[in-house]
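Chain by chain, the residues:
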Amino acid sequence: MADRHVLVINSGSSSLKFQLVDPDSGISRATGSVDQIGEPSSEIPDHDAALRRAFDMLADDGVDLADCGLVAVGHRVVHGGNQFHRPTLLDDEVIAELHEISPLAPLHNPPAIQGIEVARELLPDTPHIAVFDTAFFHHLPPAAATYAIDRELAQAWEIRRYGFHGTSHEYVSAQAAAFLDMPLQSVNQIVLHLGNGASASAIVGGRPVETSMGLTPLEGLVMGTRSGDIDPGVYSYLWRTAKMNVDEIESMLNKKSGVLGLAGERDFRRLRSMIESGDAAAKLGYDVFIHRLRKYIGAYLAVLGHTDVVTFTAGIGEHDAAVRRDALAGLVELGIELDEGRNVDGSGMRRISTDDSRITVLVVPTNEELAIARDCVSVL
Ligand code: ADP
């Protein structure tokens, strides 16, 4: 078979990441990102300009999109609402429906839709496919998907726990089962996706039974700039007493909270040097992050009852040995024992628990672009 490629596009509010990937071999032919879209100092005013720049970058890389076996353009879309839980071929009707569900993800979906509209103009003859971050969690058990609020109100406004990072949780959980040489159907697992955004999931036989993000990607773990779980009473208190409006509160919780809000820094490499030089705020930010993570691990061990494997993935999960150590320290009675040598040394997919640990602990690099590309070819 001749080489075929999928162009995967991930449009965020101020950045556009792209990758040209062979869905069969998994080999990435080209990758890049255009940042600072729409920022005052930037020469990239909007997503149209960003995508044109991305195409120039591909051309500079020697990629001819007209002659590289391009079979699809895959678009990462954060929120699929209740409607979309499969990779979906994009046409005008689907795009209109995406506009309709945008209020569910006002920070995330509009830039993705913009990216889709521009990409369809630039590549009109290639199928464009949307892959949703919520899709994997569509069939969460009702007890896990339901908020304990007024039932009719929740139904009227489609308020439920949707879950995000689904492409990563699905891909990594399948990789973990394959690494253990066990059929996915028989593995109970916890996946910890720790990047700038962070989420945890509990998965039984390849199907998620719990996940930490909810209606929006704000719930759950402490993240780079997001608070994660917070008493909803904080909203009304800030509104009523601090006189902040809803946009200001939302922006504070999404962009100025989490580790950045506590420590003034969100990158865990720099956070580490700050802690080492005695910065108390950095230490507290890190401790709050770890404490929340441990609470979730404990909760998910209880949700699962029996757990075969706990897997770390994404930027922090794959690279920060101290986070992995602190997240799982002292859990021998719960069946988890890390091998510090394996934790610190090595890279890529590997076991980091001792041979005697009842629960296996793995590091598995995520690859959302490849997973999206494979989702795309599955609908062609
Ligand atoms: P995104 O959610 O943007 O896809 P990533 O999964 O790429 O995020 O994770 C990015 C984060 O991973 C960085 O902000 C940084 O905190 C962390 N990170 C990346 N490399 C390392 C490293 N070598 N050591 C510690 N943390 C790292």
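Residues numbered from 1 in each chain as written. Predicted model: local features only at pLDDT ≥ 70, side-chain atom pairs only at ≥ 80, totals over all residues. Heavy atoms only, no water.

### Considering the packing of helix H6 (residues 166-179) against helix H15 (residues 368-379)
Across the interface, H6 lies against H15 with an axial gap of 9 Å and an inter-helix angle of 90°. In terms of axis orientation, H6 runs roughly perpendicular to H15. Contacts between H6 and H15 involve Thr167, Ser168 and Tyr171 from the first element and Glu368, Leu370, Ala371 and Ile372 from the second. Of the residues assigned to the contact of H6 with H15, the class counts are four nonpolar, two polar and one charged. (Axes fitted to C-alpha atoms, helices over the stretch in contact; angles between N-to-C directions. Helix = DSSP H or I, 4+ residues; strand = E, 2+ residues; numbered from the N terminus. Parallel < 35°, antiparallel > 145°, perpendicular 65-115°, else oblique. Contact = heavy atoms within 4.5 Å. Nonpolar A, V, L, I, M, F, W, Y, C, P; charged D, E, K, R; others polar.)

### Notes on the UniProt feature "site: Transition state stabilizer" (unreviewed entry) in the protein
The sites that UniProt annotates as "site: Transition state stabilizer" (unreviewed entry) are His165 and Arg226. Assignment of secondary structure puts histidine 165 in the loop between helix H5 (151-156) and H6. The buried category is assigned to histidine 165, whose relative accessible area is 9%. Within the secondary structure layout, arginine 226 lies in the loop between strand S9 (207-211) and helix H7 (233-240). Contact partners of arginine 226, with chain neighbours within four places excluded, come to His108, Gly197, Met213, Pro217, Leu218, Leu253, Asn254, Ser257 and Gly258. Within the structure, arginine 226 has its side chain in polar contact with the backbone oxygen of proline 217 (distance 2.9 Å). (UniProt positions renumbered as here; feature names shortened; annotations may be inferred. Buried < 20%, exposed > 50% of the residue type's maximum accessible area, 1.4 Å probe, protein only. Polar contact = N/O pair within 3.5 Å; in protein donor to acceptor, adjacent residues only side chain to side chain.)

### Re the site of the ligand
Asn196, Phe268, Gly315, Ile316 and His319 are the nearest of the 13 residues found near the ligand. Between a nitrogen atom of the ligand and a side-chain N or O atom of arginine 269, the distance comes to 3.4 Å. A distance of 2.9 Å is found between an oxygen atom of the ligand and a backbone nitrogen or oxygen belonging to glycine 315. The protein chains hide 71% of the 580 Å² of surface that the ligand would expose on its own. The set of elements that each furnish at least two residues to the shell around the ligand consists of helix H10 (268-276) and helix H12 (314-319). Residue composition of the shell around the ligand, by class: three nonpolar, five polar and five charged. (Near = heavy atom within 4 Å. Areas by Shrake-Rupley, 256 points an atom, 1.4 Å probe, with all protein chains shown as cover.)

### Quick look at the side chain of histidine 79
Relative to the helices and strands, histidine 79 resides in the loop between strand S4 (70-77) and strand S5 (88-89). Reaching out from histidine 79, the side chain makes a polar contact with the backbone nitrogen of glycine 81 at a distance of 3.0 Å. Those residues in contact with histidine 79, other than ones at most four positions away along the chain, are Ile101, Leu104, Ala105, Asn109, Phe132, Thr134, Tyr162, Phe164 and Leu215.

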